[in-house]
Amino acid sequence: MKRALFITFEGGEGTGKSTQTALLAERLRQSGNRVVETREPGGSPDADAIRKLLVTGETGRWSVTAEILLNYAARESHLRQTIVPALENGAIVICDRFADSTRAYQGYAGNGDKHLIEQLDRKVVGDHQPDLTLVFDLDPRIGLERAVLRGGDDRFERKGLEFHNRLRDGYLAVADKFSARCSLIDASGSIDQIATSVWQAVAPHFEDTAG
Ligand SMILES: Nc1ncnc2c1ncn2[C@@H]1O[C@H](COP(=O)(O)OP(=O)(O)O)[C@@H](O)[C@H]1O
Ligand SMILES: [Mg+2]
């Protein structure tokens, strides 16, 4: 019997989330699972339209409150149109960034209203909390360097090192606060080493679903 499983990948820029979501999806597919890969902001046509508003333009384009509202508006569409239907179909959903990114970027690094975030989270995400969240931890100097090598440039990558240090601390605080579902991953190793750490965190859930 296979049970739906909702796995999220979180962490700063260049920590290896997209690399590892693809590797995990491949590994789970090879063992016969149905896997839906998705990402935030975005993940449904309407949420992708909101993503464009969030990641392009001047770094100071939106107030932090506007960013929180846009993120949760996108997340509502993403859940309703993509995530919840996939879980109801028994798929494993692997999501590259989710609500903890709003907590870390807007709540911690951006000094936004954490209470507002939790209120919106209860309303929008509610019972659809991730079963497992992998929080990738890495010195932002290394992560930003990797992100530059990868190419691409968005509003958040352009914020300074101080912002990204606060972001890292924010993710550590989130991992601590939601320790029941969060697993901290040391993202400083090789791609293979990180894939092994990811599998160690995922396997117990996966055996649950198979058994
Ligand atoms: N463990 C690693 N060591 C070195 N480079 C890596 C590692 N993991 C990923 N990369 C490279 O770093 C860049 C950023 O990785 P990516 O997976 O896109 O990170 P994220 O999605 O977290 O921003 C990519 O060019 C990727 O190939
Ligand atoms: Mg990525």
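Here the structure is a predicted model, which is why all the values come from computation and not from measurement.

A. Local environment of the packing of helix α6 (residues 140–150) against helix α7 (residues 161–177). Interhelical geometry of α6 versus α7 gives an angle of 115 degrees and a closest axis separation of 10 Å. One element, α6, and the other, α7, form an angle in the roughly perpendicular class. In this structure, α6 meets α7 at a crossing whose hand is right-handed. Counting all contacts with α6, which are made through P140, R141 and L144, the residues of α7 involved are L161, H164, N165 and R168. Taken together, the residues that form the contact of α6 with α7 break down as three nonpolar, two polar and two charged.

B. Examining unusual backbone geometry more closely. Following E40, the chain continues to P41 via a peptide bond in cis, the omega torsion being -10 degrees. Within the secondary structure, P41 is located in the loop between β2 (35–39) and α2 (45–55). The backbone of R97 shows a phi angle near 80 degrees, a positive value even though the residue is not glycine. On the secondary structure map, R97 appears in the loop between β3 (92–96) and α4 (99–109).

C. Representation of α7 within the structure. Over its 17 residues, α7 runs 24 Å from end to end, which matches the ideal 24 Å to within 8%, given 1.5 Å per residue. Restricting attention to buried positions, one finds in α7 the residues H164, L167, R168, G170, Y171, V174 and A175. Projected down its long axis, α7 shows its buried positions confined to an angular sector of 160 degrees, all on one face. Set apart from the buried face of α7 by more than 90 degrees, the exposed residues are E162, D176 and K177. Summarising the contacts, the buried residues of α7 are in contact with β1 (5–11), α4, β4 (132–137), α6 and β5 (182–186).

D. The packing of helix α3 (residues 64–88) against helix α5 (residues 114–124), seen in detail. Interhelical geometry of α3 versus α5 gives an angle of 15 degrees and a closest axis separation of 10 Å. Comparing the axis directions of α3 and α5 gives the class roughly parallel. Along this stretch, α3 crosses α5, giving a crossing that reads as right-handed. Contacts between α3 and α5 involve I68, Y72, R75, E76 and L79 on the former and, on the latter, L116, I117, L120 and V124.

E. Up close: the sheet that holds β3. The strand order β2-β3-β1-β4-β5 describes an open sheet built from five strands, whose pairing is parallel. The open sheet has two edge strands with one neighbour each: β2 and β5. For this sheet the average axis-to-axis angle between neighbouring strands, irrespective of direction, equals 20 degrees. Taken together, the five bridges between β1 and β3 define a ladder with parallel strand orientation. The residue bridging T8 from the neighbouring strand is C95, located in β3.

Calculation rules
- Residues numbered from 1 in each chain as written.
- Chains lettered and ligands numbered in written order.
- Predicted model: local features only at pLDDT ≥ 70, side-chain atom pairs only at ≥ 80, totals over all residues.
- Axes fitted to C-alpha atoms, helices over the stretch in contact; angles between N-to-C directions.
- Helix = DSSP H or I, 4+ residues; strand = E, 2+ residues; numbered from the N terminus.
- Parallel < 35°, antiparallel > 145°, perpendicular 65-115°, else oblique.
- Left-handed = near helix turned anticlockwise from the far one by under 90°.
- Contact = placed C-beta atoms within 7 Å.
- Nonpolar A, V, L, I, M, F, W, Y, C, P; charged D, E, K, R; others polar.
- Expected span 1.5 Å × (residues − 1).
- Buried ≥ 20, exposed ≤ 12 C-beta atoms within 10 Å, placed from the backbone.
- Arc of directions from axis to C-beta.
- Pairing = 2+ DSSP bridges.

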